[in-house]
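What follows is the residue order along each chain.
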Amino acid sequence: MSGNRALRVVAFMSISVGVGILSHPAWGFVIFGILVLIDNFVFKSDPPAPLDRVVDEEEVAKR
C-alpha cells in the first residue's frame, strides 16, 4: 500500500468514527465501506500491478 493511499484510508477511518459517534455506530462501518469502494472503483487510486514481460526466443538465445 502506498503512503498516499494509507493516508486516505486513515482519513476514511476518521470520517467513519465521527459518523459512528454522531449516529448509530453501525453507520460508521457502512460509511467506511462505501468510501473504500468509491476510492477503489471510481477514483481507481491504486495503479494496476505491472504486467509480467514476455520473453521471446531471440532474447533467450542472446543470454
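Everything below is about the structure printed above this text.
Everything quoted here is computed from the prediction, not taken from an experiment. (Residues numbered from 1 in each chain as written. Predicted model: local features only at pLDDT ≥ 70, side-chain atom pairs only at ≥ 80, totals over all residues. Heavy atoms only, no water.)

(A) Up close: the overall build of the chain. Counting its regular elements, the chain contains 3 helices and 0 strands. Reading the chain from its N terminus to its C terminus gives the helix and strand order α-α-α. For the chain, buried positions account for 10% of its 63 residues. Of the accessible surface of the chain, which amounts to about 5,400 Å², a share of 70% is contributed by carbon and sulfur atoms. (Helix = DSSP H or I, 4+ residues; strand = E, 2+ residues; numbered from the N terminus. Buried < 20%, exposed > 50% of the residue type's maximum accessible area, 1.4 Å probe, protein only. Areas by Shrake-Rupley, 256 points an atom, 1.4 Å probe, with all protein chains shown as cover.)

(B) Quick look at the side chain of Asp39. Tracing the sequence through the fold places Asp39 in helix 2 (residues 25–42). Polar side-chain contacts of Asp39 include one of 3.2 Å to the side chain of Arg8. (Polar contact = N/O pair within 3.5 Å; in protein donor to acceptor, adjacent residues only side chain to side chain.)

(C) Summary view of the environment of Val36. Within the secondary structure layout, Val36 lies in helix 2. Linking Val36 and Phe12, residues 24 residues apart in sequence, is a C-alpha distance of 7.5 Å.

(D) Quick look at the packing of helix 1 (residues 3–22) against helix 2. Between helix 1 and helix 2, whose axes approach to 7 Å, the crossing angle comes to 150°. By the angle between their axes, helix 1 is roughly antiparallel relative to helix 2. For the crossing formed where helix 1 meets helix 2, the hand is right-handed. In contact with Arg5, Arg8, Val9, Phe12, Met13, Ile15, Ser16, Val19 and Gly20 of helix 1, helix 2 contributes Pro25, Trp27, Gly28, Ile31, Phe32, Leu35, Val36, Asp39 and Asn40. (Axes fitted to C-alpha atoms, helices over the stretch in contact; angles between N-to-C directions. Parallel < 35°, antiparallel > 145°, perpendicular 65-115°, else oblique. Left-handed = near helix turned anticlockwise from the far one by under 90°. Contact = heavy atoms within 4.5 Å.)

(E) Spotlight on the side chain of Ser16. The residue Ser16 is located in helix 1 in this model. For Ser16, a relative accessible area of 10% translates into the label buried. Other than its neighbours up to four places away in sequence, Ser16 contacts Gly28 and Phe32.

(F) Representation of a nonpolar patch on the surface. Together, Trp27, Val30, Ile34, Leu37, Ile38, Phe41, Val42 and Phe43 give the surface a local cluster of nonpolar side chains, amounting to about 840 Å² of exposed area. Examined against the element boundaries, Phe41 turns out to sit in helix 2. Look at Phe41 and you get exposed, because its relative accessible area is 58%. (Patch = residues over 30% accessible without salt bridge, like charges linked within 9 Å, V, L, I, M, F, W, Y side chains within 5 Å. Salt bridge = Lys/Arg side-chain N within 4 Å of Asp/Glu carboxyl O.)

(G) Examining the environment of Val30 more closely. Note on placement: Val30 falls in helix 2. Taking relative accessible area as the criterion, Val30 reaches 36% and is therefore assigned partly exposed. Sequence separation between Val30 and Gly20 is 10 residues; the distance between their C-alpha atoms is 9.4 Å.

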